[in-house]
Amino acid sequence: MVQEGSADPPSGVADAAAHPVPTRTIVLAIVGVAVLIIASFITGRMTATTEVVPNNTSAEAGFARDMQLHHQQAVEMSMIVRDATDDPDIRLLAFDIALAQQQQVGQMFSWLTVWGLPQAASEPSMTWMVRPGRSGTGHNHGADGEAHIPGQPMPGLATDEQMAELRAATGVEAEKLYLTLMIAHHVGGVDMAEAILDRSTNRVVTNLARGMIAAQQSEIDYMQELLALRQ
């Protein structure tokens with residue numbers, strides 16, 4: 001898996017690219033890792049110094065719920081393209097993104113569990129993003145200049161039509177579409193992570209958000225290079 005801010009895969013991931021693993025095996029591995037992360041995170045939080053627990057409509061809770069959904073689509077797109085191409089660079093990138101983001105889904109799921117909050121929101125998605133942050137303003141516009149509207153699709157999410165197009169594509173066309181959609185998806189994820197940094201002082205939350213920004217920006221740069229090679 002590519003480490004945050006680095007394009008060098010750790011040992012084991014390169015082997016996965018050289019010797020393709022069945023999708024079912026990868027999915028089971030991802031689920032297993034997520035379960036381990038939830039268990040270890042809960043144990044750590046139970047023994048750590050207690051911070052102020054976020055409430056149900058807090059920015060932290062909203063971020064945890066929305067980013068889980070955001071990440072889940074990235075995992076889905078990555079598994080789709082991994083089955084649609086034989087290109088080792090794309091397959092390795094997709095494997096890395098799927099594994100990293102599923103791990104983070106497990107972390108955010110566990111936050112809500114530890115905080116005693118439901119996984120389902122009591123208000124529309126992105127409501128937390130339009131409330132004022134420490135800067136004194138709501139994070140009302142994303143990188144694309146469009147206003148965030150509670151209940152509307154989160155920044156960078158692919159549409160149902162785009163997902164259907166990706167599922168139907170193969171080879172280079174699938175690679176190009178995946179890279180295009182995932183770049184936009186990552187830009188939206190960075191936007192959401194920057195928004196929580198303006199709204200939270202919770203160390204666990206802000207540490208993960210900073211890590212997301214660094215890792216996803218690095219992957220955006222790499223994906224732009226890969227896409228340019230396919231134009």
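Scroll up a little and you will see the structure.
Just so it is clear, the structure is predicted and the values come from calculations on it, not from any experiment. (Residues numbered from 1 in each chain as written. Predicted model: local features only at pLDDT ≥ 70, side-chain atom pairs only at ≥ 80, totals over all residues. Heavy atoms only, no water.)

### Quick word on the overall build of the chain
Reasoning step 1: Within the chain, the regular secondary structure consists of eight helices and zero strands.
Reasoning step 2: Its helices and strands taken in sequence order, the chain reads α-α-α-α-α-α-α-α from the N to the C terminus.
Reasoning step 3: The buried share of the chain, taken over its 231 residues, is 48%.
Reasoning step 4: Put simply, the chain shows about 11,000 Å² of open surface, and 57% of that area lies on carbon and sulfur atoms. (Helix = DSSP H or I, 4+ residues; strand = E, 2+ residues; numbered from the N terminus. Buried < 20%, exposed > 50% of the residue type's maximum accessible area, 1.4 Å probe, protein only. Areas by Shrake-Rupley, 256 points an atom, 1.4 Å probe, with all protein chains shown as cover.)

### Notes on the side chain of Gln-68
Reasoning step 1: Along the chain, the position of Gln-68 falls in helix H3 (residues 59-84).
Reasoning step 2: The contact partners of Gln-68, leaving out residues within four places of it in the chain, are Phe-63, Val-105, Met-108, Phe-109, Leu-112 and Gln-119. (Contact = heavy atoms within 4.5 Å.)

### Here we look at the pattern of salt bridges
Reasoning step 1: Across all of its chains, the model carries six salt bridges by this definition.
Reasoning step 2: Linking Arg-167 and Glu-76 is a salt bridge whose minimum nitrogen-to-oxygen distance equals 2.7 Å. A residue pair is termed long-range when its members are at least 10 positions apart, and Arg-167 in helix H6 (residues 160-168) and Glu-76 in helix H3 qualify at 91 residues.
Reasoning step 3: Given the relative accessible area of 48%, Arg-167 is considered partly exposed.
Reasoning step 4: Salt bridges sharing partners connect three or more residues here, namely Asp-87, Glu-175 and Arg-230. (Salt bridge = Lys/Arg side-chain N within 4 Å of Asp/Glu carboxyl O.)

### Here's the deal with the nonpolar core
Reasoning step 1: Within the largest apolar cluster, 26 residues are counted, with the highest numbers of intra-cluster contacts made by Phe-63, Met-108, Trp-111, Trp-128, Ile-196 and Met-212.
Reasoning step 2: Among residues more than four places away in sequence, those in contact with Trp-128 are Ser-58, Ala-59, Gly-62, Phe-63, Asp-66, Met-192, Ala-195, Ile-196 and Arg-199.
Reasoning step 3: Counting residues in hydrophobic clusters, the runner-up holds 24 residues, among them Met-77, Ala-174, Leu-177 and Ile-183. (Core = buried A, V, L, I, M, F, W, Y, C linked by side-chain atoms within 4.5 Å.)

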